[in-house]
Structures are given as structure tokens and as C-alpha cells.
Amino acid sequence: MKLYTLTLLACAAGVVAAGPPLHGQRGSTAPQGPPVQVTVNGRTWTQQELFQRNIGGPNDQTTPFTPHKIIGNIYYVGTRTLTSFLVVTPQGAILINSTYERNVPVIQKSVEQLGFKFSDIKILLGNHAHGDHQEGDALVKQLTGAQVMAMAEDVPALKAMKPGGREHPIDKILHDGEHVMLGGTTLVAHLTPGHTRGCTTWTMKAEDGGKAYDVMFGCSLRAPERPTPQNVDEFNRSFALVRTLPCDVQLGDHGAQYNMQAKYARLRSGGPNPFIDPDTCKVEMEISEAMLRAILVEQQGARQR
Ligand SMILES: [Zn+2]
């Protein structure tokens, strides 16, 4: 039997940003074998490479990425690797993903650089209950008074997230398919569990240049190192659902999930909006699904050895 000490801490909290070598090592006495890997769209990935791709280097999670308009009323206000999105309406704004609490001032500055007021944020949403995406909820609420809304299945994990010992605010509990409306914009909450119990993929229509586009704020579908049968059931439902979601513009909880930095470079060079890319909308889901299947095959093989 293979013994892995590889610890993919599920894009976990603080420890990741602090940068200890917490992934990629195997026990020195364990039998060595090739890591599980998958090839999708011509690129080959291991679990560790996907994790590393998501979080980037030591400072990437906390260094602001140039705030920019993505499409319609949707703006990027996150860091190099942890996304935050501002959806602006005539009745205030919606923020998706507060990220780490220490990033909240970074997000605030990006919002202001775009010419918006942080205090205009009326609703705070998130993709999933891991610290790198939602630890800052209490501080955002404190600074803006925003209503914090969360998928029911993620509430226990969010309640356990208490930076500085403060309660995690939750003003409204959402369920699969529920609509969040503000100033003419409607966001739909899709339960896409697996990575967390309440992992939420958000969709909305964005109007740009006289056309309407389907935008999908995807939740991570990255499997843990050792998926449980419950994980597998949840991921199977999520892959099937994401496959059916209409999508012209794919976003994600980490910029690398939608090739943000390359698309932004193309945005700056002019031409058609590179974020409108329906052909690649589901590639991240396909990578995640291929990886889960490969992990399960590896586990099956390990049991038979
Ligand atoms: Zn996560």
C-alpha cells in the first residue's frame, strides 16, 4: 500500500499563505510511485501542480492584481491568485469572495481605484467556505454593513471560521437555485458540492455592447487527496450540473481556473473581450473530473497491491 503524506489542504486557510512546504512531499519510507496526473486540452497536471497553480507564489495570494472591468457590470478586485468580484448596480454593489481578512484593505483599495465606494457594497457572497475565499466576511460586513448570504450546506464551515475570535456573520441562508437580486441584476446560486459541502457556483447575465452574456462564477471542483464516497457522490452531481450551465464567460475562485492573467494581458492589447470564451468555459470542470477519476483509479490500484 502506498503511504502518502502529500497534504493538499483544500486551498486551506492561513498556513498556505504563510508558505511552509506542506505539499508535494511523500513519506521517505513510503514506496515511491509516479504522482497521479491527467492531460486535458493538451496540458498535463498533477494534483500538486493544480494546487500550486491556484495559489501561486508566496506573495501572490495577498498582492493585488490590477483591478479591471471584466464585462458589463462585473469588475475584478482580487489579488493575483485569489479572486474577488464586484458586481455594480444602480442600488449598490455585490461583492463575491472576501478572501483572507488581511486582504480586505487590498480589495477596498481596488474597488476605490475603479471609482466605486466600498461602502456601497450591499451584499456579500462567496464561492466556498475555505479561509482563502471567505475569511474576510466579518471585516467586510463591519466596514460596509453588507448582508452576508451563504449556501446552507456551507454554514457550519463558515461558522467555524472566526478570525480574531469574532462570529462569522450570516444574514441570510440560501438554498440551491435561489436568486439574489439587487438593482436589476440577478445572481443564481447553484449548489456544486464536493470541494466543500456548500460550494456555490454563481451565474448571472451581463449586458455588454448591446448583447447579453452568460457569466459563471465557478466554485472549485478540485478533489481532496483522498476523496470519500460522499465526496465522490457530491462531485458527480456537480460535474453533471456544471456541464449544463449556460456560459459565455467563465470565472472562478482562483484566477488560474480561467487563465485570468493571460486574458487580462490580451484585454490590454485591445481587440475582442478575451473573457468571452465559451469554448473554454468547462475546461476547469473537465480537469477536475479527470483528476477525480484518476485518483479513484489510483486508490483502487493501491487497494489491490
Ligand atoms: Zn477551497
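Residues numbered from 1 in each chain as written. Predicted model: local features only at pLDDT ≥ 70, side-chain atom pairs only at ≥ 80, totals over all residues.

Next up on the list: the pairing of strand β3 (residues 68-71). Judged from the three bridges that link them, β3 and strand β4 (residues 74-76) form a sheet pairing that is antiparallel. Within β4, the residue paired with His68 across the bridge is Tyr76. The loop that links β3 with its antiparallel partner β4 comprises two residues; one of these, Gly72, has a positive phi angle of about 55°. (Pairing = 2+ DSSP bridges. Helix = DSSP H or I, 4+ residues; strand = E, 2+ residues; numbered from the N terminus.)

Read from one edge to the other, the open sheet built from five strands follows the order β10-β11-β12-β13-β14, with strand pairing classed as mixed. Edge positions in the sheet fall to β10 (179-182) and β14 (249-252), since each of these pairs with one other strand and no more. Within the sheet, the average angular offset between the axes of one strand and its neighbour, ignoring direction, is 25°. Sheet topology note: the strand β12 (residues 200-208)/strand β13 (residues 211-218) ladder contains seven bridges and is antiparallel. Looking at the pairing, Met204 lines up with Val215 of β13. (Axes fitted to C-alpha atoms, helices over the stretch in contact; angles between N-to-C directions.)

To continue, consider the nonpolar core. Ranked by internal contacts, the top residues of the largest apolar core, which has 53 residues, are Tyr75, Phe85, Leu86, Ile94, Leu95, Leu124 and Val215. Once residues lying within four places of it in the same chain are set aside, the contact partners of Leu95 are Ser84, Leu86, Ile121, Leu124, Val140 and Ala146. Formed by 15 residues, the second largest nonpolar core is a distinct cluster that contains Val36, Ile55, Phe235 and Met285. (Core = buried A, V, L, I, M, F, W, Y, C linked by C-beta atoms within 7 Å. Buried ≥ 20, exposed ≤ 12 C-beta atoms within 10 Å, placed from the backbone. Contact = placed C-beta atoms within 7 Å.)

Averaged over every residue, the pLDDT of the chain is 90; the share at 70 or more is 89%. Counting contacts from residues 1-10, a segment whose pLDDT is below 50, to residues more than four positions away or on other chains yields 32 contacts. Contacts of residues 12-31 to residues separated by more than four positions or lying in other chains number 38 contacts, the stretch itself having pLDDT below 50. (pLDDT = per-residue confidence, 0-100.)

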